[in-house]
Amino acid sequence: MLSAERIMQRCEALARHSELPGGLTRVFLSPESRAAGEAVLGWMREAGMQAKLDAMGNAVGRYEGERAGLPCLMLGSHLDTVRDAGRYDGMLGVVSAIECVDFLNRKNKRLPFAVEVVGFGDEEGVRFGTTLLGSRAVAGTLDPAVLKTKDGKGISIEQALRDFGLDPDELIKVKRKKGDLLAYAELHIEQGPVLEAEGLALGVVTAINGFSRLRVTLTGTAGHAGTVPMRLRRDALAAAAECVLAVERTAQADPELVGTVGRIEAKPGAINVIPGAVEFTVDVRAPRDELREKAVASVIDAIEAIARARALTTKIENLQSSGVAACAPWLMAQMDRAVAAAGLKVRRLPSGAGHDGMAIQAIADIAMLFVRCKGGVSHNPAEAISQDDAGVGARALLHFIEGFHAVSA
Ligand SMILES: [Zn+2]
């Protein structure tokens, strides 16, 4: 039997490997990440897998199929966390996948493919500010120049790997070839409120949304808050307020769009000074690239029009953008059947947050299964799921594995 209780206990056990007592912070290549990785490798071995850390610090377990050396269905998620994190984001996917393999192993069941479980060492990118290091190494899309990236203490990724006892020269062996993976599937908490609002425990992910990030600077004229008449002002913050509402309005125009101004700074920032300059960020996400690109273009148009009307100058920089990582229709169909086999209504939904599948997609088709979380909260100690949902999630994942058949491209 799959044990939901053991899944919860293992998430609990991993949460104890933390930099902060009383909270959970576990960054890439830290002593805590070693301890968590060792625990996971131990559970993988108990579940009948061959398990080791790869040269990027990913915990990798392999359960052979009917014969040794067959291509694999890869299951995984990440073992690193944000600062002051919850205990399920990432870990639940790794622990649930191990639970499924343990079930197969106890039944002595071998499949016509191997099953690999990966606990990626870095997804969140907290330590080095660069995300998906673990899965990008597996996909072979990690630019070697990235290894020079330094953390807050001036330690490069390359050095941190060496300090951890890993050999950066071996990274090339972490990379998988295209045919090695039949598919990649990840179970993850939803990190949003949709499933809870609809009273559903599980959701089948259609795509990991693409995102665009902008930095906008509006420049007007600073002046005395008492002496400059209203009609002579060039107030950058009043203009920015209009821009924030324009971002909101643009995103509200389509239910698939989300748009956020998450950071704003007015300069000089004094109670008695008219703000002469304002810098703010814009984050736009959507499950379709052309929808997102159109939204970004209309946000830029709106900002420029607002600035023109107020005689301000604008500087708009593209900070980062990423296209949609669509889940493969053939895998979604198999995941739908697995959810139905677990006795649940099938609900498809996009993922608003980024995941390792974005990187793995370079070498294999991807699928994701979402598990409802309380209040849609994640990246926070209040992150919570019910044991029942953990159980039903693992059951659907097991149905997916047992029913999996590769569709040749
Ligand atoms: Zn995650």
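Whatever comes next refers back to the structure up there.
Notes on the structure in this doc start here. (Residues numbered from 1 in each chain as written. Predicted model: local features only at pLDDT ≥ 70, side-chain atom pairs only at ≥ 80, totals over all residues. Heavy atoms only, no water.)

With respect to the side chain of Arg62
Relative to the helices and strands, Arg62 is located in strand S2 (residues 59-63). There is a polar contact of 3.0 Å between the side chain of Arg62 and the side chain of Glu64. (Helix = DSSP H or I, 4+ residues; strand = E, 2+ residues; numbered from the N terminus. Polar contact = N/O pair within 3.5 Å; in protein donor to acceptor, adjacent residues only side chain to side chain.)

Some words on the coordination of the zinc ion
Any two of four tetrahedral donors ideally make an angle of 109.5 degrees at the metal, while pairs among six octahedral donors ideally make 90 or 180 degrees. Around the zinc ion, the donor atoms from the protein are His78 (NE2), Asp89 (OD) and His188 (NE2), and they sit 2.0 to 2.2 Å away. Here the donor residues for the zinc ion map to a single chain with the spacing H-x10-D-x98-H. With Asp89 in the loop between strand S3 (72-78) and helix H3 (91-106) and His188 in strand S5 (residues 181-189), the pair connects residues that are 99 residues apart, well separated along the chain. The pair formed by Asp89 and His188 is uniform in burial state, with each residue classed as buried. (Donors = N, O, S within 2.8 Å, 3.2 Å for Na, K, Ca; no water. Buried < 20%, exposed > 50% of the residue type's maximum accessible area, 1.4 Å probe, protein only.)

Some remarks on the side chain of Arg136
Of note, Arg136 is situated in helix H4 (residues 133-139). There is no salt bridge for the buried Arg136, and the closest opposite charge comes from Asp122, which lies 6.3 Å off by N-O distance. Within the structure, Arg136 has its side chain in polar contact with the backbone oxygen of Thr131 (distance 2.7 Å). In contact with Arg136, other than residues within four places in its own chain, are Thr130, Thr131, Thr141, Leu142 and Ala359. (Lys, Arg positive; Asp, Glu negative; His and termini not counted. Salt bridge = Lys/Arg side-chain N within 4 Å of Asp/Glu carboxyl O. Contact = heavy atoms within 4.5 Å.)

Focus: the environment of Val244
One can find Val244 in helix H7 (residues 236-252). Given the relative accessible area of 28%, Val244 is considered partly exposed. Distance in space between the C-alpha atoms of Val244 and Val371 is 32 Å, their sequence separation being 127 residues. Those residues in contact with Val244 that lie beyond four places of it in its chain are Val261 and Ile264.

Some details on unusual backbone geometry
Looking along the chain, the bond that leaves Lys267 and enters Pro268 is cis, with omega of 5°. Within the chain, Asn108 stands out as a residue other than glycine whose phi angle is a positive 60°. You will see that Leu132, though not glycine, has its phi angle at about 60°, which is positive. Assessed through its relative accessible area of 11%, Leu132 is described here as buried.

What to know about the layout of surface pockets
Taken as a whole, the largest pocket encloses approximately 1,200 Å³ of empty space. Forming the boundary of the largest pocket are 44 residues, of which Arg285, Gly352, Ala353, Gly354 and His355 lie nearest the centre. Only strand S7 (210-219), strand S13 (313-322), strand S15 (348-351) and helix H10 (357-360) provide two or more residues apiece to the lining of the largest pocket. There is about 330 Å³ of room inside the second largest pocket. Lining the second largest pocket we find 17 residues, and of these Lys52, Asp54, Val60, Lys173 and Arg176 sit closest to its centre. Only strand S1 (50-53) and S2 provide two or more residues apiece to the lining of the second largest pocket. By residue number, the principal contributor to the lining of the second largest pocket is S1, which donates four residues. By residue class, the composition of the lining of the second largest pocket is eight nonpolar, one polar and eight charged. (1 Å grid on protein atoms, 1.4 Å probe; cavity = no way out; pocket = protein on both sides within 12 Å on 5 of 7 lines; lining within 4 Å. Points joined across faces, edges and corners; volume = space filled by probe spheres on them. Nonpolar A, V, L, I, M, F, W, Y, C, P; charged D, E, K, R; others polar.)

Digging into the packing of aromatic side chains
Inspection of the entire model under this criterion finds five aromatic pairs. Summarising the aromatic geometry, the rings of Phe113 and Phe404 are spaced 5.1 Å apart at their centres and angled 80° between planes, so their arrangement reads as edge-to-face. Note that Phe113 is positioned in the loop between H3 and strand S4 (114-120) and Phe404 in the segment after helix H11 (387-403), a separation of 291 residues in sequence. An angle of 55° between the planes, with centres 6.3 Å apart, marks the rings of Phe120 and Tyr184 as tilted. Linking Phe120 in strand S4 with Tyr184 in strand S5, this pair joins segments that are 64 residues apart in sequence. Taken as a pair, Phe120 and Tyr184 share a single burial class, namely buried. Following the ring pairs from residue to residue traces out a cluster consisting of Phe113, Trp330, Phe400 and Phe404. Above the plane of the ring of Phe211 lies Arg213, whose end atom (NZ or CZ) is 4.4 Å from the centre. (Phe/Tyr/Trp six-rings, centres within 6.5 Å; stacked < 30°, edge-to-face > 60°. Lys NZ or Arg CZ within 6 Å of the ring centre and 35° of its normal.)

Section: the environment of His355
Its location among the elements puts His355 in the loop between S15 and H10. A relative accessible area of 1% places His355 in the buried class. Residues His355 and His78, 277 residues apart in the sequence, show an inter-C-alpha distance of 8.8 Å. If near-sequence neighbours (up to four positions away) are discounted, His355 is found in contact with Glu123, Leu132, Glu186, His188, Gln191, Ile208, Met368 and Phe370. Here Ser351 takes part through its side chain, which lies 3.2 Å from a polar atom of the side chain of His355.

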